[in-house]
Amino acid sequence: MKHLYFRPAFYVPALRLSLTTLLPALALPVLVLTATLPAVAQTTGTTPETKPLDQVAIDPATTVVATVGGEPIYLSEVLQQIQQLPQQYQQAPMEQIYPPMLDRAIDTRLIAKAAREAGIQDRDEVKVRVKRAEADIISEVYMTDIVKDAVDEDTLRKRYEETIKGGADAGEEVKARHILVASEDDAKAIIEELKQGADFAELAAEKSTGPSGSSGGDLGYFTADAMVPEFSEAAFAMKAGEFTEVPVQTQFGWHVIKVEDRRALQPPSFEQVQPQLAQDLTREILTKAVEALRSGVDIERFGPDGSKLPAQ
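Residue positions are given per chain, counted from 1 along the sequence in the order it is written. Local features in this predicted model are restricted to residues whose pLDDT is 70 or higher, and side-chain atom pairs enter the listing and the counts only when it is 80 or higher, whereas totals over whole chains, interfaces and linings include all residues. Note that water and hydrogens are dropped before the side-chain values are worked out from all heavy atoms of the structure.

Note on exposure labels: buried denotes an accessible area under 20% of the residue type's maximum, exposed denotes more than 50%, and partly exposed covers the range between, all computed with a 1.4 Å probe on protein chains only. Only DSSP runs of H or I reaching four residues or more are called helices, and only runs of E reaching two or more are called strands; each is numbered from the N terminus. For helix H9 (residues 200-207), every residue scored as buried is listed here: Phe 200, Leu 203 and Ala 204. All buried residues of H9 project into a common sector of 100° when viewed along the axis, lining one side. Set apart from the buried face of H9 by more than 90 degrees, the exposed residues are Glu 202 and Glu 206. Note on contacts: a residue pair qualifies if any of its non-hydrogen atoms lie within 4.5 Å across the two residues. Where H9 is buried, its residues meet strand E3 (172-181), helix H8 (184-195) and strand E6 (253-264). Summarising the geometry, the arc corresponds to the directions from the helix axis toward the C-beta atoms.

So this is what it looks like as structure tokens:
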């Protein structure tokens, strides 16, 4: 389509996606829970939704879900672990995914307690990893603060309107039906029947060999680049209500085409593209913020062998 090209609207929160792209990934271990997660999360073809947090009338940061040796484990810890799971597990119902994740939080607390008692936290390599993890976390929070007030609905609607205006001359699409047959003679015979007043949809249902025959040859609305060139050239050359008086040949066979409507290309709605707009705007803001931080700072780069790399 030659207008606004927006990528598929499966929604990934724009801020987290952009932060993941621009900042180092936080290297937290994710255990494989295939053996412990409910079977429904592994085998079913359905995609049950975990209940959104905004529907739960509790504060995850203060709600205690377990105690280990008197130390509390909060709901927020369990929810954070769920968010680190692969997407197919995150979609499991909360009542099924919660028990194994609570057990995991308890086990993590026990392991951490044993590790501290063994003095693991005093090892140099552990201190380095903790320092890196801290840098990742505070960097993400810092960049989140930069973005959260800049990416609101008003800003996104303004960006949407600007994008729509940019595609105002995007062209047309047509609504058409067609009858596909194997030979030119068969197509010519159908054209003669149409000239005598036969109903196009009925002929398509009776004689078309194409998959749309059962629906009267209906192809719906389409743009020129959605069809093979020979088909599009014929369809877009006609006015609404006209049909081809000369059969159209493509690699699929011989076509008789009827155009039922023409209209200006319809842009996607704001709701359809809002996630993509948020993602793009967030990435722009973060990129500019990082560029500003680099400005005026003396940065030197070195290769794996320790040799100095050319300045960028």
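Think of it this way: DSSP has to see at least two bridges between two strands before they count as a pair. In terms of strand pairing, strand E1 (residues 64-68) meets strand E2 (residues 71-74) through four bridges, oriented antiparallel. Residue Val 64 lies in a different strand from E2, and its bridge partner there is Tyr 74. Connecting E1 to the next strand, E2, in antiparallel fashion are two residues, including Gly 69 with a positive phi near 60°.

Below, the discussion takes up the packing of helix H3 (residues 75-83) against helix H5 (residues 94-117). Under this scheme, a helix contributes an axis fitted over its contacting stretch, all axes are lines through C-alpha atoms, and angles between N-to-C directions fall in the 0 to 180 degree range. One way to put it is that H3 packs onto H5 with a least axis distance of 9 Å and a crossing angle of 110°. The pairing of H3 with H5 is recorded here as roughly perpendicular in orientation. In this structure, H3 contributes Leu 75, Glu 77, Val 78, Leu 79, Gln 81 and Ile 82 to the contact, and H5 contributes Met 94, Ile 97, Tyr 98, Met 101, Leu 102, Arg 104, Ala 105, Thr 108 and Arg 109. Classification used: nonpolar for Ala, Val, Leu, Ile, Met, Phe, Trp, Tyr, Cys and Pro, charged for Asp, Glu, Lys and Arg, polar for all others including Gly. Looking at the contact of H3 with H5 residue by residue, the classes come out as ten nonpolar, two polar and three charged. Should an angle lie under 35 degrees it is considered roughly parallel, over 145 roughly antiparallel, and from 65 to 115 roughly perpendicular; all remaining angles are considered oblique.

Together, Ile 137, Ile 138 and Val 141 make up an exposed nonpolar region whose accessible area comes to about 270 Å². In this structure, Ile 137 sits in helix H6 (residues 124-148). Only residues whose relative accessible area exceeds 30% and that form no salt bridge are eligible for patches; like-charged ones are grouped when within 9 Å, while nonpolar side chains (Val, Leu, Ile, Met, Phe, Trp, Tyr) are grouped when within 5 Å. Every accessible area reported is derived by Shrake-Rupley at a probe size of 1.4 Å, with residue values counting cover from the shown protein chains alone. For this analysis, a salt bridge means a side-chain nitrogen from Lys or Arg found within 4 Å of a carboxyl oxygen belonging to Asp or Glu.

As a further point, take the nonpolar core. Ranked by size, the top nonpolar core spans 14 residues in total, and within it Ile 73, Val 78, Ile 82, Leu 85, Ile 97 and Met 101 carry the most contacts. Of all the elements in the fold, those that place two or more residues in this core are E1, H3 and H5. Judged by nonpolar contacts, the second largest core, of 13 residues, contains Val 151, Tyr 160, Ile 285 and Ala 289. Nonpolar cores were defined as sets of buried Ala, Val, Leu, Ile, Met, Phe, Trp, Tyr and Cys residues, with membership established by side-chain atoms within 4.5 Å.

Applying the stated criterion to the full structure yields 17 salt bridges. Between Arg 159 and Glu 284 there is a salt bridge whose closest N-O contact spans 3.0 Å. Here the residue Arg 159 occupies a position in helix H7 (residues 153-166), and Glu 284 occupies one in helix H11 (residues 270-294), the gap between them amounting to 125 residues. Where Glu 193 meets Lys 207, a salt bridge forms, and the shortest distance between an N and an O atom there is 2.4 Å. Pair noted here: Glu 193 is in helix H8 and Lys 207 is in helix H9, with a separation of 14 residues, a long-range link. Counted as one network, the salt bridges with shared partners bring together Lys 175, Arg 177, Asp 218 and Glu 260.

What follows concerns the confidence of the model for the protein. What pLDDT expresses is the predictor's confidence in each residue, scored from 0 to 100. When pLDDT is averaged along the protein, the result is 82; 80% of the residues meet or exceed 70. Confidence, expressed as mean pLDDT per element, reaches its minimum in the protein at helix H2 (residues 39-43) with 36 and its maximum at strand E5 (residues 248-250) with 97. For the stretch residues 1-49, pLDDT sits under 50, and the model shows 87 contacts to residues farther than four places along the chain or on other chains.

To pair, rings of Phe, Tyr and Trp, with the six-membered ring standing in for Trp, must have centres within 6.5 Å; the planes then decide the type, stacked if under 30 degrees apart, edge-to-face if over 60, and tilted in the middle. Summed over the entire model, instances satisfying the criterion amount to three aromatic pairs. Residues Tyr 160 and Phe 270 carry aromatic rings whose centres are separated by 5.7 Å and whose planes lie at 75° to one another, so their mutual orientation is edge-to-face. Placement of the pair is Tyr 160 in helix H7 and Phe 270 in helix H11, with a sequence separation of 110 residues. We classify Phe 270 as buried; its relative accessible area is 4%. When the ring of Phe 222 is compared with that of Phe 236, the centres are 6.2 Å apart and the planes differ by 75°; the resulting orientation is edge-to-face. Highlighted residues: Phe 222 in strand E4 (residues 218-222) and Phe 236 in the loop between helix H10 (229-235) and E5, separated in sequence by 14 residues. This pair shows no difference in class: Phe 222 is buried, exactly as Phe 236 is. Chaining the aromatic ring pairs together yields one cluster made of Phe 222, Phe 231 and Phe 236. Ring-over charges, as used throughout, are those where CZ of Arg or NZ of Lys falls within 6 Å of the ring centre and within 35 degrees of the ring normal. Just above the ring of Tyr 221 sits the side chain of Arg 263; from NZ or CZ to the centre is 3.6 Å.

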